[in-house]
Amino acid sequence: MAETKAAGGAKGGIAKPVTPSAELAAIVGKDDLPRSEIVSKMWEYIKKNNLQNPENKREILADDKLEKIFDAKKVTMFEMNKHISKHVK
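### As for the sheet that holds strand β5 (residues 74-76)
So, step 1. Taken in spatial order, the three strands make up an open sheet running β3-β4-β5, and their pairing is antiparallel. Two strands close off the open sheet at either side, each with one partner strand: β3 (52-53) and β5.

Here you go:
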């Protein structure tokens, strides 16, 4: 069985596809995605919409869509994964 995993690659943890909630799907799309891809798409959205605090790049300033995910007006980049995990199955 170890050979199968090595040949096929691991599909658990961060690589396992998860289903985004409706709120998260508004940003990353409704298809099942690995968590790593969800985080990448979140960063694309944040940068495209200029949502990083210019004085503190570690801080994300939530627009209406992100506020539904973060339940706050701003979060740090380190807190983002905790909030994303509440919006995936």
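Still to come is the rest of the account.
### With respect to the pairing of strand β4 (residues 56-61)
Looking down a regular strand, the side chains alternate between one sheet face and the other.
So, step 1. By the bridge criterion, two bridges tie β3 to β4 in an arrangement that is antiparallel. Its bridge partner being in β4, Asn-53 is matched across the sheet by Asn-56.
So, step 2. Where β3 folds back onto β4 in an antiparallel hairpin, the turn is made up of two residues.

### Considering the pattern of salt bridges
So, step 1. A complete count under the given rule lists two salt bridges for this structure.
So, step 2. A salt bridge links Lys-74 to Glu-59; its shortest N-O distance comes to 3.9 Å. Separated by 15 residues along the polypeptide, Lys-74 in strand β5 and Glu-59 in strand β4 bring together distant segments of the chain.
So, step 3. Under the relative-accessibility criterion, Lys-74 is labelled partly exposed at 49%.
So, step 4. Where Glu-67 meets Lys-73, a salt bridge forms, and the shortest distance between an N and an O atom there is 3.2 Å.

### What about the side chain of Ser-21?
So, step 1. With respect to the element layout, Ser-21 can be found in the loop between β1 (17-18) and α2 (22-28).
So, step 2. Within polar-contact distance, the side chain of Ser-21 engages the side chain of Glu-23 at 3.2 Å.

### Topic: helix α3 (residues 35-48)
So, step 1. The terminal C-alpha atoms of α3 lie 20 Å apart, and with 14 residues this matches the ideal 20 Å at 1.5 Å per residue to within 8%.
So, step 2. Along α3, the residues that are buried comprise Ile-38, Met-42, Trp-43, Tyr-45 and Ile-46. The arc that holds every buried residue of α3, seen down its axis, measures 160 degrees, which confines them to one face. Residues Glu-44, Lys-47 and Lys-48 are exposed on α3 and point more than 90 degrees away from its buried face.
So, step 3. Asn-50 sits one or two positions beyond α3 and adopts a positive phi of about 55 degrees.

### So, the confidence of the model for the protein
So, step 1. Overall, the predicted model of the protein reaches an average pLDDT of 89, with 88% of residues at or above 70.
So, step 2. pLDDT under 50 marks residues 1-8. Its contacts with residues more than four places away, or in other chains, come to two contacts.

### Some thoughts on the environment of Glu-67
So, step 1. As for its position among the elements, Glu-67 is in helix α4 (residues 64-70).
So, step 2. In sequence terms Glu-67 and Glu-23 are 44 residues apart; their C-alpha atoms lie 9.5 Å from each other.
So, step 3. Not counting chain neighbours up to four residues away, the residues in contact with Glu-67 comprise Ala-62, Ala-72 and Lys-73.

Calculation rules
Residues numbered from 1 in each chain as written. Predicted model: local features only at pLDDT ≥ 70, side-chain atom pairs only at ≥ 80, totals over all residues. Heavy atoms only, no water. Pairing = 2+ DSSP bridges. Helix = DSSP H or I, 4+ residues; strand = E, 2+ residues; numbered from the N terminus. Salt bridge = Lys/Arg side-chain N within 4 Å of Asp/Glu carboxyl O. Buried < 20%, exposed > 50% of the residue type's maximum accessible area, 1.4 Å probe, protein only. Polar contact = N/O pair within 3.5 Å; in protein donor to acceptor, adjacent residues only side chain to side chain. Expected span 1.5 Å × (residues − 1). Arc of directions from axis to C-beta. pLDDT = per-residue confidence, 0-100. Contact = heavy atoms within 4.5 Å.

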